[in-house]
Amino acid sequence: EVNRIQEKLIETKEELEIFWNYTTDPIYYFSGEKIKKVNPAFEKTFGYSEKEVAENFGLIIPPTMTHELKEINEKILKGQAITSFETKRKTKSGIMLDLIATYTPVKDERGEIVGATAFYKDITALKNIDKELQASQEKYRLITENAFDIIKLMSKSGIVEYVSPSNQSILGYSYEEYVGHPFTTYIHPDDIANLEKGFKRIISGAKPLPYELRIMHKNGHYLWMEASTTQIVENGEVKQLVTIARDITERKKHREDLAKMAFYDYLTGLPNRRTF
């Protein structure tokens, strides 16, 4: 029985050593405010040797976060585990790392707390990506909310999921009146067939082309719009469509006036020689 227990202990020890030595996450064992042991990943991540941090635990603690040590120790002494605690630590080269930390109390054979283990998960890269994403989202939000053109986001089924504030100033519809409806809701009946055909072409991967259509203003009259729809592709699959449209009613009217002037007499309104 003694031999069996010893073999089990050796096996467990070997498994723990493999985990301790080869995990990519920093781990250390501490008692009070002193680090007793660190794993290789800790030394690689922070640049400090076990001896350096054993002599000065505060090397990895940013000056603004020294209060954390006292709070952590108080919870450890009460036997409380601290899980998924987001914090910051400093490397030897001065780089600040964003970390998810977990602290677990360690007890001796009498059940008394003698220290704790700390596990760190480096999330610095994820944090940077998140910051870049937020900056990008903010940039595009400013563009869409201040654009003079109408920017509309649609699902593959043709339901409007977002429309820029310019939609209300140009067409008179509020965000709530437009979002959640099919994209053909306010389109002139004569333009719907061609628009739906073009929508299917875009979904199937066709090259976006500008097109003209009539959209009803909230007051009941129609405006001519020039629009272009583009696919939003993720992992090779069309997920959404974005349409950018601008009011060309005045341009359209001017074009028709020029055409009329070319073929009809300006004073009498009668067909001129070009007409014949």
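This is a predicted model, so every value here is computed, not measured.

**Thoughts on the overall build of the protein**
The number of helices and strands found in the protein is nine helices and 10 strands. Taken against the 2.2 N^0.38 rule, which gives 19 Å for 276 residues, the C-alpha radius of gyration of the protein at 34 Å runs more than 25% over that of a compact globule. Its C-alpha atoms put the protein at 115 × 45 × 30 Å along the principal axes. Taking all 276 residues of the protein together, the buried fraction comes to 32%.

**What about the pairing of strand β7 (residues 160-163)?**
Strand direction decides the pairing type here: strand β6 (residues 150-155) and β7, joined by three bridges, are antiparallel. For K152, the partnering residue across the bridge sits in β7 and is V163.

**As for the confidence of the model for the protein**
Interpretation of the predicted coordinates at a detailed level should be avoided for regions scoring low in pLDDT. Scored by pLDDT, the protein has a mean of 88; 100% of the residues are at 70 or more. Summarising per-element confidence for the protein, the mean pLDDT is lowest in helix α5 (residues 124-146) (79) and highest in helix α2 (residues 40-46) (94).

**A look at the environment of Y48**
Structurally, Y48 can be placed in the loop between α2 and α3 (50-55). With 43 residues separating them in the primary sequence, Y48 and T91 have C-alpha atoms 7.7 Å apart. If near-sequence neighbours (up to four positions away) are discounted, Y48 is found in contact with E43, V53, L59, I60, K90, T91 and K92.

**Regarding the sheet that holds strand β5 (residues 113-122)**
A sheet is described by the order of its strands in space; here five strands give the open sequence β2-β1-β5-β4-β3, paired in antiparallel fashion. Since the sheet does not close on itself, it has two edges, and those belong to β2 (34-38) and β3 (82-90), each with one partner. Neighbouring strand axes in the sheet, compared pairwise and without regard to direction, differ in orientation by 35° on average. Taken together, the nine bridges between strand β4 (residues 96-107) and β5 define a ladder with antiparallel strand orientation. The partner of Y103 across the bridge, within β5, is A118. In the packing of helix α1 (residues 2-22) onto the sheet, contacts are made with β1 (27-31), β2 and β5, and the angle to β1 comes to roughly 105°. Helix-sheet contacts for α5 involve β3, β4 and β5, and the interaxial angle to β4 is about 140°.

**Thoughts on the packing of aromatic side chains**
Within the structure shown, the criterion is met by 15 aromatic pairs. Seen from their ring centres, F42 and F46 are 4.8 Å apart, and the 40° between their planes marks the pair as tilted. In this pair, F42 and F46 both sit in helix α2, four residues apart, roughly one turn of the helix. Taking relative accessible area as the criterion, F42 reaches 0% and is therefore assigned buried. A residue is classified by how much of its surface remains accessible, and F46, at 1% relative accessible area, is buried. When the centroid spacing of 6.1 Å and the interplanar angle of 65° are considered together, the rings of Y162 and Y175 count as edge-to-face. Taken together, the residues span a long stretch of sequence, with Y162 in strand β7 and Y175 in helix α7 (residues 175-178) at a distance of 13 residues. Residue classification places Y162 among the partly exposed positions, given a relative accessible area of 23%. On the basis of relative accessible area, Y175 is assigned to the partly exposed category, the value being 37%. Through a chain of ring-to-ring contacts, the aromatic side chains of Y28, F30, F42, F46, F57, Y103 and Y120 assemble into a single cluster.

Analysis parameters
- Throughout, a residue's number is its position along its own chain's written sequence, starting from 1.
- At least 70 in pLDDT is required for a residue's local features to be given in this predicted model, at least 80 for side-chain atom pairs to be given and counted, and no such filter applies to totals for whole chains, interfaces and linings, which use all residues.
- The side-chain numbers reported here are obtained from all heavy atoms of the structure, hydrogens and water having been left aside.
- Helix and strand assignments follow DSSP, with helices taken as H or I runs no shorter than four residues and strands as E runs no shorter than two, numbered in order from the N terminus.
- For this measure, only C-alpha atoms enter the radius of gyration; the expected value for a globule follows 2.2 Å times N^0.38, where N is the number of residues.
- Whether a residue is buried, partly exposed or exposed follows from its accessible area with a 1.4 Å probe, protein chains only, as a fraction of its type maximum: under 20%, in between, or over 50%, in that order.
- We call two strands paired when DSSP finds no fewer than two bridges between them.
- One number per residue, pLDDT, summarises how confident the predictor is, and it ranges from 0 to 100.
- Residues count as neighbours in contact if any of their non-hydrogen atoms are within 4.5 Å of one another.
- What counts as an axis is a line fitted to C-alpha atoms, over the stretch in contact for a helix, and the angles between N-to-C directions run from 0 to 180 degrees.
- Between 30 and 60 degrees the pair is tilted, below 30 it is stacked and above 60 it is edge-to-face, where a pair is any two Phe, Tyr or Trp rings, Trp via its six-membered ring, whose centres lie within 6.5 Å.

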